[in-house]
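Take a look at the letters that make up each chain.
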Amino acid sequence: MLTNYLKIAWRNLLRNKAFSAINIVGLAIGLATCLLISLFVLDELSYDRFNTKADRIVRVVLRGTLNGEQVREANVMAPVAQALQRRFPEIQATVRLRTAGKPPIAYGNKLLRDNQIAFADSTLFRVFTLPLLKGDAHTALSRPNTLVLTESMARKFFGREDPIGKVLLVFGDKVAYTITGVMADVPVHSHFRFDAFASMTGEAEASQNNWLRSNFFTYLLLSDDNTYQRLEAKLQPVVDANMFPPLEKMLGTSSAEFRKKGGQLGLFLQPLTEIHLHSDLKPESELEPGGDIRYVYLFSAIAVFMLLLACINFINLSTAGAAKRAKEVGIRKALGSERSALISQFLAESGLLTMLAMGLAVGLVLILLPAFNHLAGKAIRLTSISPYKLLAGLVAFSLLVSVVAGSYPAFFLSSFRSISTLKGATVLPGSQRISLRSGLVVFQFFVSISLLIGTTVVYRQLHYIQTIKLGYDKEQVLVLEHTSVLGKNEALWRKTLAQDSRVMRASMSGFLPNTTLNTGLISMHPTGESARLTRLSLFGIDQHYVPTLGMKVITGRNFSDAFPSDSSAVLINEATARLFNWRSNAIGQTLSYPAMPGSGNLDKTFRVIGVVQDFHFRSLHEPIAPAVLMLSDNSGGILLKIRTDNVAGLLASLKEQWAAFKTDTPFAYSFLDESYKATYLAEQKTGQILGLFAGLTIFVACLGLFGLATFTAQQRTKEIGVRKVLGASVTSIVALLSRDFLKLVLVAIVLASPIAYYAMHQWLQDFAYRIDISWWVFALAGLLAIGIALLTVSFQSIRAALINPVKSLRSE
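Residues numbered from 1 in each chain as written. Predicted model: local features only at pLDDT ≥ 70, side-chain atom pairs only at ≥ 80, totals over all residues. Heavy atoms only, no water.

A. Summary view of the overall build of the protein. Looking only at helices and strands, the protein has 26 helices and 25 strands in total. Taken over 812 residues, the protein has a buried fraction of 52%. In the protein, once contacts between residues fewer than 6 apart in sequence are set aside, the share between residues at least 24 apart is 80%. As displayed, the protein has an accessible area near 36800 Å², and 57% of this comes from carbon and sulfur atoms. (Helix = DSSP H or I, 4+ residues; strand = E, 2+ residues; numbered from the N terminus. Buried < 20%, exposed > 50% of the residue type's maximum accessible area, 1.4 Å probe, protein only. Contact = heavy atoms within 4.5 Å. Areas by Shrake-Rupley, 256 points an atom, 1.4 Å probe, with all protein chains shown as cover.)

This is the structure we're talking about:
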C-alpha cells in the first residue's frame, strides 16, 4: 500500500512541476535554515562541557559597587583560592590562571610570538579535563619555570622530536622554561584557549598576600554532594576577614562606614557551564569574548519561525491547487476509498516532498556551512556528529515536518464530498478557511517585518558606533607593537620617525583606547579629603600622546619637556573631575595615591595640570569612566599619525629599520581603527546573520503569498472574465486582486512594529551610548514589505487579468 501511495505521489509531483518545485524549494530553505541554526545553537550550548567534572567546577568572581559604578570582574585576588580551600572542606581542589599574552618564544633560531600563554597552578589537570599526552599531570607544573605545551605548539617548534626536557626562552631572552609536558589542544568549546601553560609557582608570590589587586582567574572543584549556592552564601565572612582589614588601613575608615556610603564588595561563584553564555561580567575582564544566551534564544526562534513559514507555504500552495484534485477525490470516494486512505495518500505526498526537500536542504547545508562558519566565527563540522545519530535525526525531523505541513491539506482535501465534486460544484474553503490562510500569511509577514526592523536597528547602531565622536582620532594611526624590547633605542627611533615626512606625529605608550588595563582597587583621592576606594583607570603616556591622537585639552595644558616637574603631574578626564566635584577648579589640585599595605612603596602625590575632554577608552557598552593619565617611560608600542599617500612604502621602510635593530622579536603592527572595529565584531556578525535570515524569511513569505495569489486567481476566474467583458481594464483588475493582499501586509506591519520596537529597545540597553529608534525605521520596513508583496502578487494578478475572458468564462 505504501508503495502505491508513493507511486501516485510521484506522478502528482511530476504532473504539477511548478507547484512541486516551489513547495520543495520553500521547504528546503526552511529546513536548511533550521539545520544551520540548530548546529549553531548546539555549538554554543556545548561550551566547557568536555570537562568530565563540569557540573562541579565554579569560577570565583568579584562583584560590588564603588562610587555608584558596578564592579563585575571575572578575576579576583591571588590569595582567594588558598583562603577558600583552607576554610571550606567541600572544595576539593582550586586552580588559578593568569594570562601572559603572546610573548616572544624562542628555541634555537626559531622564534614565534603568536601563541597564547597563561600561568597556571599545578592542579590545572586535576580540575580541568585537559589530557596530558606526555609528562606527569601531578608534577608537570609543580616546579618554577616549567612549561606544558599543547600538541600544536609542540609541533611548531619541534616537529616529531620529543620536547620533554628541552628549554624554551620565553619573554625574549629573559626567562628559560623547561618543557615538562605536552597536552592535547584545548578544545574550541572552551571559555579559555591557550597554547601553553607556565608554572604559577614563584610567579604569584608578590601578590600572594594582596587582597586589593584582582588579576587571577580562580576556579574551584566542589565535592559531589555540594551545590555552589550553599558555598556562595558562606563567602562574605572571608571577604570581611581578609579584604577589609587592608582596606580599612588604606582608607582610614571602617568597613561599616564604607558600606554606609554605598560601597559593597563580595566574592560570588559562577558555574563553569554558564561562563560562555550567561556571564554578565565586564567583557574586558574575561579570558575570551563570550557568547550571549539571548542570541541563542533569538536564533532558535528564527529557526522555528522559518520552519513554520515553510510549512505554511506548503499548506497554502497545497490548498491553492485543491481545485485540480477535487474530481480525483470524488472519483476515489465514489469507488469506495475510505477517508483514512485518502489522508494516508496525501500524507505520503507530503512525506515524499519533505524527503526531497530534506535532501536538498542537507546539500545546501554542506555547501553553505563554510560560509556560515566564517560569518558566525565558528568551526562547526557535520563530521563531529555520529553518522547514525545524524541520519536518525534527519529522518525523524523529516517525518515531523511532513506531518505538520501535510496534516491540514490532507484532512482538507479528503473532506470533499464525492457528489459535489463530480457535479463540478465548488469545493474550495469558505470564508473561515480563507481567514485561516490569510492569518497564516499575516504571520509570515509579521516575522519578516520584525526581522527587517531588527536588522535595520542593528546596522544603524553599528554605524553609530563607527561614526560617534570618540574624543580621539582613530583614523590613520599606525601602532608599532612590542617596541619596548628596543630599550634606549625606542625613544631614539620615535624621534627619528617623527621627522619622517610620511609621519605627522609620533608617541610612545603601551595604552591604546578601547583596551582597559586592570588596575585593581585603588585609593586615589583629592589631597586633604578622607581616603576613598575608587576604580580609576591609570594610563602611562608620554608628552606626545595627546596631540598624536588628536585629544583635546579643555582646561590647563598637556605634558611638556619644558616642565621637569611634570613627572609628578597628571592629566585627568572630565569624568574624574566630576567624580571629585572639580567643576571649574581642577587645575592645581593634587591627588594622593597611598601605597598598598605591605607593598613597601611610598605614598605619592600628583598635581593636576590639565583636563582632557572625555574619550571612549572602553567599549561603548560602558559609560566613560574616570581616568588619570600619568607621564611614564614604560612603553609597549609607538603610535604614528601617518599620511595615507604611501602606506605600503612606509611599512616597508619601518620593517627595514626594525630589522636593523637586530632584535629577536619580529616586526608587528596594527591600525587603531581596525582594532576598534574588532571590538564590535560580535555585533557585526549578529547584524549580518540577522540580515541574511531577514532576506530568507521575506523570500519564503513571498512563496506563501504567491500560493495565496494563485488560489485567489483560480477562485475568481469567472469574476475576472465578467469584469473584462463589462469593460474593466487590466490595471483595475490587478488593483482588485492586490488590494486584499496589501491589507494582510498592513495588518502584519501594525502587529510587528510594537513588538519589534520593544525587542530592539531592550537590545540597545546593552549600550551606554546608543541610537534612538526613529519612526522611519518602521516606515522603511513596511514599504519594503509592501513593495516586495506587490511584486509577488502582481505576477499572478497580471497573468489572471490578461487571460482571454472567453476562456475564463468557459473554464467555469
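B. View of the confidence of the model for the protein. In this model, the protein carries a mean pLDDT of 80, and residues with pLDDT of at least 70 account for 80%. Contacts for the low-pLDDT stretch residues 426-432, under 50 throughout, to residues beyond four places or in other chains number 14 contacts. (pLDDT = per-residue confidence, 0-100.)

C. Just the sheet that holds strand 16 (residues 503-508), in detail. The strand order across the open sheet built from four strands is 16-24-15-25, with neighbouring strands paired in antiparallel fashion. Whereas interior strands pair on both sides, the edge strands pair on one side only; in this sheet they are strand 16 and strand 25 (669-671). Adjacent strand axes in the sheet meet at a mean angle of 20 degrees, parallel and antiparallel pairs treated alike. Set on the sheet, helix 20 (residues 647-660) makes contact with strand 15 (477-481), strand 16, strand 24 (637-642) and strand 25; between it and strand 15 the angle comes to about 20 degrees. Sheet strands touched by helix 21 (residues 672-679): strand 15 and strand 25. Its angle to strand 25, the strand with the most contacts, is close to 70 degrees. (Pairing = 2+ DSSP bridges. Axes fitted to C-alpha atoms, helices over the stretch in contact; angles between N-to-C directions.)

D. How the structure looks around the environment of N210. In this fold, N210 is placed in the loop between strand 12 (196-199) and strand 13 (214-222). On a C-alpha basis, the gap between N210 and A78 in space is 6.8 Å, while along the polypeptide they are 132 residues apart. Look past the residues within four positions of N210 in its chain and what remains in contact with it is M77, A78 and P79.

E. Spatial organisation of the nonpolar core. Residues F445, I449, M551 and L629 are the most contacted members of the largest nonpolar core, which totals 110 residues. Those residues within four positions of F445 in sequence are excluded, and the remaining contacts are A701, L705, V745, A748, A785 and A789. With 30 residues, the next largest nonpolar core counts F197, Y219, L221 and I275 among its residues. (Core = buried A, V, L, I, M, F, W, Y, C linked by side-chain atoms within 4.5 Å.)

F. Spotlight on the pattern of salt bridges. In total, this model carries 18 salt bridges according to the counting rule given. Notably, a salt bridge pairs D500 with R502, separated by 3.0 Å at the nearest N-O pair. Across the pair D614 and R578 runs a salt bridge whose closest N-O atoms are separated by 2.9 Å. A residue pair is termed long-range when its members are at least 10 positions apart, and D614 in the loop between strand 22 (604-612) and strand 23 (627-631) and R578 in helix 19 (residues 574-579) qualify at 36 residues. For D614, a relative accessible area of 13% corresponds to the buried category. In this structure R578 comes out as partly exposed when scored by relative accessible area, which is 42%. The network of salt bridges with shared partners includes D43, E44 and K378. (Salt bridge = Lys/Arg side-chain N within 4 Å of Asp/Glu carboxyl O.)

G. Spatial organisation of the packing of aromatic side chains. Here the structure, examined in full by the defined rule, presents 25 aromatic pairs. Centroid distance W658 to F667: 6.1 Å. Interplanar angle 55 degrees. Geometry classified as tilted. When its relative accessible area of 5% is taken as the criterion, W658 is described as buried. Grouping aromatic residues by their ring pairs yields a cluster made of W493, W658, F661, F667, Y669 and F671. A cation over an aromatic ring shows up here: K474 above the ring of Y676, its NZ or CZ 5.1 Å from the ring centre. (Phe/Tyr/Trp six-rings, centres within 6.5 Å; stacked < 30°, edge-to-face > 60°. Lys NZ or Arg CZ within 6 Å of the ring centre and 35° of its normal.)

H. Highlighting the pairing of strand 7 (residues 117-120). Where burial is concerned, the two faces of strand 7 agree: the one with I117 and F119 and the one with A118 and A120 are both buried. Both strand 4 (residues 91-99) and strand 7 contribute to a ladder of three bridges, which runs antiparallel. Note that in strand 7 the partner of R98 across the bridge is F119. Across four bridges, strand 7 lies against strand 12 in parallel orientation. Paired with F119 across the strands is A198, a residue of strand 12.

I. Highlighting helix 5 (residues 151-158). Of all the positions in helix 5, only M153, A154, F157 and F158 are classed as buried. Burial along helix 5 is one-sided: seen end-on, the buried residues are contained in an arc of 105 degrees. (Arc of directions from axis to C-beta.)

J. Representation of the pairing of strand 21 (residues 590-593) within the structure. Where strand 17 (residues 525-526) lies against strand 21, two bridges are found, and the strand directions are antiparallel. Bridge assignment links H525 to a residue of strand 21, and that residue is S592.

K. A look at the side chain of T180. Its location among the elements puts T180 in strand 11 (residues 175-183). At 2.5 Å, the side chain of T180 forms a polar contact with the backbone oxygen of A140. Sequence-distant contacts of T180, defined by excluding residues within four places in its chain, comprise K134, G135, D136, A140, R143, T146, L147, V148 and I164. (Polar contact = N/O pair within 3.5 Å; in protein donor to acceptor, adjacent residues only side chain to side chain.)

L. Seen up close, helix 21. Within helix 21 the residues assigned to the buried category are L672, D673 and Y676. Across the axial projection of helix 21, the buried residues extend over an arc of 100 degrees, all falling on one side.

M. Quick look at unusual backbone geometry. With phi around 65 degrees, D48 is a residue other than glycine that occupies positive phi space. Locating D48 in the fold gives a position in the loop between helix 2 (17-45) and strand 1 (57-66).

N. Focus on the environment of F216. In this fold, F216 is placed in strand 13. Put simply, F216 and A81 are 135 residues apart on the chain and 9.4 Å apart in space, counted from C-alpha to C-alpha.

O. Region of interest: a nonpolar patch on the surface. Residues M355, L391, V395 and L399 make up a contiguous nonpolar surface patch of roughly 360 Å² in combined accessible area. Here the element with the most residues in the nonpolar patch is helix 14 (residues 387-413); it accounts for three residues. The topology assignment puts L391 in helix 14. (Patch = residues over 30% accessible without salt bridge, like charges linked within 9 Å, V, L, I, M, F, W, Y side chains within 5 Å.)

P. View of the environment of E274. As for its placement among the helices and strands, E274 is situated in the loop between strand 14 (264-271) and helix 10 (275-278). The class of E274 is partly exposed, set by a relative accessible area of 33%.

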